[in-house]
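Descriptive analysis of the structure
So the chains spell out like this:
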Amino acid sequence: MGAYLFVHFIGTESDPAHEQIYFSVSKDGTIWKTLNRKQPILTSMIGEAGVRDPYIERGKDGKFYVIATDLSIYHRRYDKNRWLSCQQTGSRSLIVWESPDLIHWTAPEMIECMDESAGCLWAPEAEYDPAKDAYMVFWASKTSDDNFTKQRMYRAYTKDFHSFTKPEIFIENENCSIDTTITSHSGIFYRFTKDETFKAVTMESAPSLDGPWEPVETYTIDGIPGNTVFGYEGPTIFKYHNENKWCLLLDHYSGKDGYKPFITTDIAKGKFTSAGDAVFDDIYRHGTTMPITDEEYDALVNAYPID
């Protein structure tokens, strides 16, 4: 692996093209450039005709999979209560694409993963579970069971990103939980989740995806307890190539200025510090990062020129 891919959406919901899927690349994990002359690479005209919060997975079968939220805030722009209504009457489906090479992608497929009690299915991600030899796909949903009071994280398992097991609750806290991402290192899983009450991203660890999950007590951002750092969501994390260093990217939604990078050299302790030297060429919104090879980087740049 010699480069990085960032799959995301952009902007401020002021244009329908903003809520589609953009690819950006970096050689060093610091300077990012958007491919395809800053035009979306994957688009969905099915469901709500908009997609947000994409996640990309390098499958064990050699294929690549992108899953995303079926949602367009732009198309709901005349609804004064759009953020509330899409949590109660939004899509219960994932939008899925697959590719053998990051260049050639299937048409989007809409797969319903929640039953009729659910009001939404938001920010799906996946993590391979070696104990089950399957991918645990997880997302946030509100349901009518409690009159849409609280967002919970649900999960289902898949081997192919087309058929899924019956969903079950993955995370239930006293407060609403959304935007979970998971990484692993040295046999330990690390989970970052947005607490919707405190508007901050928490950090937990566990020896398996089934837990037990415990808070990382030393987790801080610039010396401040990370679960109190206000105004961030959409976490994604990657490890730098050939370095004992991780970058936690947080979407600074409260400032409407996109992602901010935070660095640690000890993922187990989770002591992150700001890395102000990162450069983004647009306002990237909730997405995920993935390491890629130099050959994959070159193929992407050749297929989808930067400028």
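Preceding this section is the structure that the text describes.
First, a word on what this report is: a plain description of the structure on this page.

Rules behind the numbers
- Residues numbered from 1 in each chain as written.
- Predicted model: local features only at pLDDT ≥ 70, side-chain atom pairs only at ≥ 80, totals over all residues.
- Heavy atoms only, no water.
- Helix = DSSP H or I, 4+ residues; strand = E, 2+ residues; numbered from the N terminus.
- Buried < 20%, exposed > 50% of the residue type's maximum accessible area, 1.4 Å probe, protein only.
- Contact = heavy atoms within 4.5 Å.
- Pairing = 2+ DSSP bridges.
- Core = buried A, V, L, I, M, F, W, Y, C linked by side-chain atoms within 4.5 Å.
- Arc of directions from axis to C-beta.
- Phe/Tyr/Trp six-rings, centres within 6.5 Å; stacked < 30°, edge-to-face > 60°.

Attention now moves to the environment of Arg-82. Checked against the element boundaries, Arg-82 lands in helix H1 (residues 82-89). Judged by relative accessible area, which is 25%, Arg-82 ranks as partly exposed. Spatially, the C-alpha atoms of Arg-82 and Ser-72 are 10.0 Å apart, while their sequence positions differ by 10 residues.

Note that Arg-191 resides in strand E13 (residues 188-195). Assessed through its relative accessible area of 4%, Arg-191 is described here as buried. Residue contacts for Arg-191: discarding those within four places in its chain leaves Phe-170, Ile-171, Thr-180, Thr-181, Ile-182, Thr-202, Met-203, Glu-204 and Trp-213.

Okay, the pairing of strand E20 (residues 259-264) next. Here is the key point about a regular strand: its side chains alternate between the two faces of the sheet. Of all six residues in E20, five are buried, a share of seventy percent or more. Two strands pair when backbone bridges link them, and strand E19 (residues 246-251) and E20 are joined in this way by six bridges, in the antiparallel orientation. Looking at E20, one finds that Asp-251 is bridged to Tyr-259. Note that E20 and strand E21 (residues 271-274) share two bridges and pair antiparallel.

Right, let's get into the nonpolar core. One finds Leu-5, Phe-23, Trp-97, Leu-102, Trp-105, Ile-292 and Leu-300 to be the most contacted residues of the largest nonpolar core, which totals 24 residues. Those elements that place two or more of their residues in this core are strand E1 (3-10), strand E2 (22-26), strand E4 (51-58), strand E5 (64-70), strand E6 (93-99), strand E22 (284-292) and helix H2 (294-303). Apart from residues lying up to four places away in sequence, Ile-292 is in contact with Met-1, Gly-2, Ala-3, Tyr-4, Leu-5, Val-25, Arg-58, Leu-102, His-241, Tyr-297 and Leu-300. Listed in part, the 19 residues of the second largest apolar core include Met-136, Phe-138, Met-153 and Trp-213.

So, on to H2. For H2, every residue scored as buried is listed here: Glu-296, Tyr-297 and Leu-300. Taken down its axis, H2 places every buried residue within 105° of arc, on the same side. Exposed residues lying more than 90 degrees from the buried face of H2 are Glu-295 and Asn-302.

Summed over all chains, the structure comprises 19 aromatic pairs. Relative to Phe-238, the ring of Trp-32 has its centre 6.3 Å away and its plane inclined at 75°; by these criteria the two rings are edge-to-face. In this pair, Trp-32 sits in the loop between E2 and strand E3 (33-34) while Phe-238 sits in strand E18 (residues 233-239), placing the two residues 206 residues apart along the sequence. Each member of the pair, Trp-32 together with Phe-238, is buried. Relative to Tyr-219, the ring of Phe-192 lies with its centre 6.3 Å away and its plane at 75°, an arrangement referred to as edge-to-face.

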